[in-house]
Amino acid sequence: MKESLAGDLIMTPERYGAHLPWREVDASLDRILSLGLSPEIAIKGPELDSLDRGCLARTRQRLSAAAVRPSVHAPFFDLNPGALDPLVRGVTYERLSATLALAGQLNARLMVIHPGYDKWRYPNLAVIWGDLARDFFRPLLIQAQACGCHLAIENIYEETPENLVRLTDSLDSPWFGHCFDIGHWHLFGRENLPEWLEAIGPRLLHLHLHDNHGRADEHLPVGAGTIDFTPLQNFLARRSALPSITLEAHSFDHLQRSLQRVRTWF
C-alpha cells in the first residue's frame, strides 16, 4: 500500500494512542483523552455477549465530543482466521464481525487482529494457513470498508514477517495492512528489525510500542527494557508521515513514561 492510501490513518506528532480495556472505559477514557491520546479499546469475546449498551452510548458520545476516532483491538483467545477446522474459522468470523460492528458504532478508524498462527501448531502448513486466512478476510473487508474501519494484522509468534506479508499482499487492499508490535518482535523475531520493517513498510498502518527484556511480554514503558528502538526511529524518520501509534502500557504511570519518551522521538 502506498502511504497516501492510508492518509486518514496518519497521526500527528501530538496524537498517540493508549491501550484501554473495555472494562475500564467508563473509569479511564476521560483520563486518556485529557492527555491528548486516542484510545485503543480492547474487548474480549465474552464481553461482546453482555455488552453494556449504556456504556457504549456514553463512550460514543465522549469520543465524538473530543473529535477522536479510536482504534479497537479485537478478541483473540482461541480464535484463528486461518484455522484448518472450518468450525473454528466460523466462530472466529462471528467474533471479528461482531467486533467490527462495534468498531463501526464507535466510528473507529482501525481494528487490530491477531493471526493465531505459530509454526509449532502448523508445521509446514504456512501456505495453507495463509490461503484460508486470505479467503476468511475477503468478506470481512467488505464490512470494514462499509464502516470505514481499516484492519491491521499484528505479529505475535512470527519469527519472520513472511507469512503476514504474503497475506497482506494476497488481499491487496488499502483497508488491510500490518500492525507491528515491537515487543513481540523482540521476543519471537529472528529477522533483524531494519529488514522486518522494510518488508512490512509498504502496508504498515499501525504500531504497538512497549518494552521488555526479551524473556516475557512485560509491557514495560518504552526505554525500560532491552529493546533498541533506534532502527525504528530511523525507519520512521525516512517516511513522509507516521503510522498510528498505540502505547501498550498496562498502568497510567507506564503510559505517561512511554508518552514522554516517544514524543521526544517523533
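Residues numbered from 1 in each chain as written. Predicted model: local features only at pLDDT ≥ 70, side-chain atom pairs only at ≥ 80, totals over all residues. Heavy atoms only, no water.

*Asks:* How should I be thinking about the overall build of the protein chain in this particular structure?
*Replies:* The helix and strand inventory of the protein chain stands at 10 helices and 8 strands. The C-alpha radius of gyration of the protein chain comes to 17 Å, within 12% of the 18 Å expected for a compact globule of 266 residues. A burial count over the protein chain gives 53% of its 266 residues as buried. When the accessible surface of the protein chain is split by element, carbon and sulfur atoms take 52% of a total near 11,700 Å². Side chains of the protein chain give 26 positive and 32 negative charges; the mean places of these two sets differ by 4 Å. (Helix = DSSP H or I, 4+ residues; strand = E, 2+ residues; numbered from the N terminus. Rg over C-alpha atoms; globule rule 2.2 N^0.38 Å. Buried < 20%, exposed > 50% of the residue type's maximum accessible area, 1.4 Å probe, protein only. Areas by Shrake-Rupley, 256 points an atom, 1.4 Å probe, with all protein chains shown as cover. Lys, Arg positive; Asp, Glu negative; His and termini not counted. Charge placed at Lys NZ, Arg CZ, Asp CG, Glu CD.)

*Asks:* Would you mind going over the pattern of salt bridges with me for this structure?
*Replies:* Between side chains of opposite charge, a pair can form when the charged atoms approach closely. Throughout the structure, instances matching the rule amount to 15 salt bridges. Salt-bridge contacts for Arg58 lead to Asp26; the nearest nitrogen and oxygen are separated by 2.7 Å. Of this pair, Arg58 sits in helix 3 (residues 53-65) while Asp26 sits in helix 1 (residues 25-34), and the two are 32 residues apart along the sequence. Between Glu198 and Arg238 there is a salt bridge, with its nearest N and O atoms 2.7 Å apart. Highlighted residues: Glu198 in helix 8 (residues 193-200) and Arg238 in the loop between helix 9 (230-237) and strand 8 (244-247), separated in sequence by 40 residues. A relative accessible area of 45% means that Glu198 is categorised as partly exposed. On the accessibility criterion, Arg238 (57% relative accessible area) is exposed. (Salt bridge = Lys/Arg side-chain N within 4 Å of Asp/Glu carboxyl O.)

*Asks:* What am I meant to see in unusual backbone geometry here?
*Replies:* What you tend to see is this: most non-glycine residues have negative phi, and most peptide bonds are trans. In this structure, Asn124 is a non-glycine residue whose phi angle is positive, near 60°. Looking at the element boundaries, Asn124 is found in the loop between strand 4 (110-113) and helix 5 (126-147). We classify Asn124 as exposed; its relative accessible area is 82%. Despite not being glycine, His219 shows a phi value in the positive range, around 55°. Tracing the sequence through the fold places His219 in the loop between strand 7 (204-209) and helix 9.

*Asks:* Would you explain the pairing of strand 7 in this entry?
*Replies:* Residues in a regular strand project their side chains so that they alternate between the two faces of the sheet. Burial analysis of strand 7 places 6 of its 6 residues in the buried class, the great majority of the element. Bridge count between strand 6 (residues 176-181) and strand 7: 4 bridges; the pairing is parallel. The partner of Asp181 across the bridge, within strand 7, is His208. As defined by bridge partners, strand 7 adjoins strand 8 across 4 bridges and the pair is classed as parallel. Residue pairing in the sheet places His208 in a bridge with Thr246 of strand 8. Following the chain from strand 7 across helix 9 to the adjacent parallel strand 8, one finds a crossover that is right-handed. (Pairing = 2+ DSSP bridges. Right-handed = clockwise from strand over helix to strand, strands pointing away.)

*Asks:* Help me understand the nonpolar core in this model?
*Replies:* Core analysis: the biggest nonpolar cluster contains 44 residues, and Phe180, Ile182 and Leu209 have the highest contact counts within it. Excluding residues within four positions of it along the chain, Phe180 makes contact with Asn155, Trp185, Leu193, Trp196, Leu197, Ile200, Leu204, His206, Leu207 and His208. Core analysis: the second largest hydrophobic core is formed by 27 residues, Leu96, Ile113, Ala144 and Leu151 among them. (Core = buried A, V, L, I, M, F, W, Y, C linked by side-chain atoms within 4.5 Å. Contact = heavy atoms within 4.5 Å.)

*Asks:* Help me understand the packing of helix 8 against helix 9, please; the structure alone is not making it clear to me.
*Replies:* A packed helix pair is summarised by two numbers, namely the angle formed by the two axes and the spacing between the axes. Taken N-terminus to C-terminus, the directions of helix 8 and helix 9 make an angle of 35°; their axes are 9 Å apart at the nearest point. Crossing of helix 8 over helix 9 shows right-handed handedness. For the pair formed by helix 8 and helix 9, the contact residues are Leu193, Pro194, Leu197 and Glu198 on the first element and Pro231, Leu232 and Phe235 on the second. A class-by-class count of the residues in the contact of helix 8 with helix 9 yields 6 nonpolar, no polar and 1 charged. (Axes fitted to C-alpha atoms, helices over the stretch in contact; angles between N-to-C directions. Left-handed = near helix turned anticlockwise from the far one by under 90°. Nonpolar A, V, L, I, M, F, W, Y, C, P; charged D, E, K, R; others polar.)

*Asks:* I tried to follow the confidence of the model for the protein chain on my own but got confused; where do I start?
*Replies:* Where the model shows low pLDDT, its predicted coordinates should not be examined in detail. This prediction gives the protein chain a mean pLDDT of 93; 95% of its residues lie at or above 70. The low-confidence segment residues 1-14, where pLDDT is below 50, has 36 contacts with residues more than four positions distant or belonging to other chains. (pLDDT = per-residue confidence, 0-100.)

*Asks:* How do you make sense of the packing of aromatic side chains when you look at a structure like this?
*Replies:* The relation between two aromatic rings is expressed through the spacing of the ring centres and the mutual angle of the planes. Counted according to the given criterion, the structure contains 9 aromatic pairs. Seen in terms of ring centroids, Phe76 and Phe77 are 4.6 Å apart; in terms of plane orientation they differ by 35°. Their pairing is tilted. Among the aromatic side chains, those forming a connected cluster through ring pairs are Tyr93, Phe136, Phe137 and Phe176. Between the NZ or CZ atom of Arg31 and the centre of the ring of Phe252, over which it lies, the distance is 3.6 Å. (Phe/Tyr/Trp six-rings, centres within 6.5 Å; stacked < 30°, edge-to-face > 60°. Lys NZ or Arg CZ within 6 Å of the ring centre and 35° of its normal.)

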